[in-house]
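Coordinates in review
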Amino acid sequence: MKRVVIKVGSAVLTEQNRVAKERMAALVELIAKVREKGTEVILVSSGAVAAGYTLCRLDKKMIANRQALASIGQPKLIAMYQKKFEKHDTIVAQILLTADDFDSRKRTYHAKCAVETLLAQGVVPIINENDVTATEELVFGDNDQLSAHVAYYFDAELLVILSDIDSYYDKDPNRFEDAKPLKVVHEIDENELRAECTPNGAFATGGIVTKLKAADFLLKRGKKLFLASGFDLKDAYAFLIHGYHEGGTLFAK
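In this text, all values refer to a predicted model and were calculated from it rather than measured experimentally.

Observations regarding the packing of helix H2 (residues 21-36) against helix H4 (residues 63-86)
- In the contact formed by H2 and H4, the axes pass within 10 Å of each other and the chain directions differ by 55°. The angle between H2 and H4 falls in the class oblique. In this structure, H2 meets H4 at a crossing whose hand is right-handed. Facing Lys-21, Met-24, Ala-25, Leu-27, Val-28 and Ile-31 of H2, the residues of H4 in contact are Leu-77, Met-80, Tyr-81, Lys-84 and Phe-85.
- Its residues assigned to classes, the contact of H2 with H4 comprises nine nonpolar, no polar and two charged.

Structure follows, in structure tokens:
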């Protein structure tokens, strides 16, 4: 593969009201291994609100407070990534986008040009929502769908979502003991896309529905999405590094 987008959510990056440094380090190690194989990586990362909360204990339930926490936490989050990527002699760059940026051909073009320039210089672009202005995205967890737009408009062959959800199941695994993970999914039922969003964790704003919407967006445009655990990266390593599909769900036509 020439280029992949890797998206990691707050449920993976946060633990006990703080950024989970060990998981971040493991993620950076994975990205370094992928890049060693000659694949360009764009990282879409949540976690700004959680990083901000470690510095300023505002009530996360209020939108204005979450926006403030995101603005406090974003530079801290990037600084943490910088420190970990330095161990792999890698420079990172911050890019803040919203869904509106993809509604304008001009803005999409300029963002793509910036990303292409960064990748050509061996830099890892780290993309997050501009949570201060993206009120709707901040509430509904559109980092999943943002990452799908990034994958499509910035010419990635694959979007990898690393989550607390390790696969897409034939039924809710939290309710049914006989739920089975689906290895490959070719299309998504419209009813699944309209289901209630049920995020896990204090800082998480997504859930399986936003991931299905991201997958549906890419499937309709001939792209692929791979969903796997962000806690145990063995399935991600198997798929991205070793080239075989052990666990996780691949959404592809």
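Some thoughts on the environment of Arg-18
- Here Arg-18 lies in the loop between helix H1 (10-13) and H2.
- For Arg-18 and Ala-64, which are 46 residues apart along the polypeptide, the C-alpha to C-alpha distance reads 20 Å.
- Setting aside anything within four residues of it in sequence, one finds Arg-18 in contact with Leu-13 and Thr-54.

Brief notes about the nonpolar core
- One finds Ile-6, Leu-43, Tyr-81 and Leu-162 to be the most contacted residues of the largest nonpolar core, which totals 35 residues.
- Ranked by the residues each element gives to this core, the list is headed by H2, at six residues.
- Sequence-distant contacts of Ile-6, that is, excluding residues within four places in its chain, are made with Leu-27, Ile-31, Val-41, Ile-42, Leu-43, Val-44, Val-160, Leu-162 and Leu-240.
- Ranked by size, the runner-up nonpolar core spans 32 residues in total, among them Val-5, Ile-165, Tyr-168 and Leu-219.

Comments concerning the packing of helix H7 (residues 143-153) against helix H9 (residues 208-219)
- At a minimum axis separation of 8 Å, H7 and H9 run at an interaxial angle of 20°. Judged by the inter-axis angle, H7 sits roughly parallel to H9. Crossing of H7 against H9: the hand is right-handed. Seen from H7, the contacting residues are Asp-144, Gln-145, Ala-148, His-149, Ala-151, Tyr-152 and Tyr-153; seen from H9, they are Thr-210, Lys-211, Lys-213, Ala-214, Phe-217 and Leu-218.
- Here the residues of the contact of H7 with H9 sort into seven nonpolar, three polar and three charged.

Topic: the packing of aromatic side chains
- This structure, assessed with the given rule, holds seven aromatic pairs.
- Ring centres 5.3 Å apart and planes at 25° place the aromatic pair Phe-102 and Tyr-153 in the stacked group. Pair noted here: Phe-102 is in the loop between strand S3 (92-97) and helix H5 (105-120) and Tyr-153 is in helix H7, with a separation of 51 residues, a long-range link.
- The exposure class of Phe-102 is buried, given its relative accessible area of 8%.
- With 4.1 Å between their ring centres and 5° between their planes, Phe-226 and Phe-239 make a pair best called stacked. One end of the pair, Phe-226, is in strand S9 (residues 224-229); the other, Phe-239, is in helix H10 (residues 234-240), with 13 residues separating them in the sequence. Neither Phe-226 nor Phe-239 differs from the other in exposure class; each is buried.
- What links up through ring pairs into an aromatic cluster is the set Phe-102, Tyr-152, Tyr-153, Phe-154 and Phe-217.

Quick notes on the side chain of His-245
- Relative to the helices and strands, His-245 resides in the loop between H10 and strand S10 (249-251).
- The contacts of His-245, once residues within four sequence positions are left out, are Lys-183, Val-184, Phe-226, Phe-239 and Leu-250.

Describing H9
- Here H9 contains twelve residues, and its C-alpha end-to-end distance of 16 Å stays within 8% of the 16 Å for a straight helix at 1.5 Å per residue.
- With ten of twelve residues buried, H9 is to be regarded as a mostly interior element.
- Looking at H9, one finds that the buried residues are Val-209, Thr-210, Lys-211, Leu-212, Ala-214, Ala-215, Asp-216, Phe-217, Leu-218 and Leu-219.

Cut-offs used in this document
Residues numbered from 1 in each chain as written. Predicted model: local features only at pLDDT ≥ 70, side-chain atom pairs only at ≥ 80, totals over all residues. Heavy atoms only, no water. Axes fitted to C-alpha atoms, helices over the stretch in contact; angles between N-to-C directions. Helix = DSSP H or I, 4+ residues; strand = E, 2+ residues; numbered from the N terminus. Parallel < 35°, antiparallel > 145°, perpendicular 65-115°, else oblique. Left-handed = near helix turned anticlockwise from the far one by under 90°. Contact = heavy atoms within 4.5 Å. Nonpolar A, V, L, I, M, F, W, Y, C, P; charged D, E, K, R; others polar. Core = buried A, V, L, I, M, F, W, Y, C linked by side-chain atoms within 4.5 Å. Buried < 20%, exposed > 50% of the residue type's maximum accessible area, 1.4 Å probe, protein only. Phe/Tyr/Trp six-rings, centres within 6.5 Å; stacked < 30°, edge-to-face > 60°. Expected span 1.5 Å × (residues − 1).

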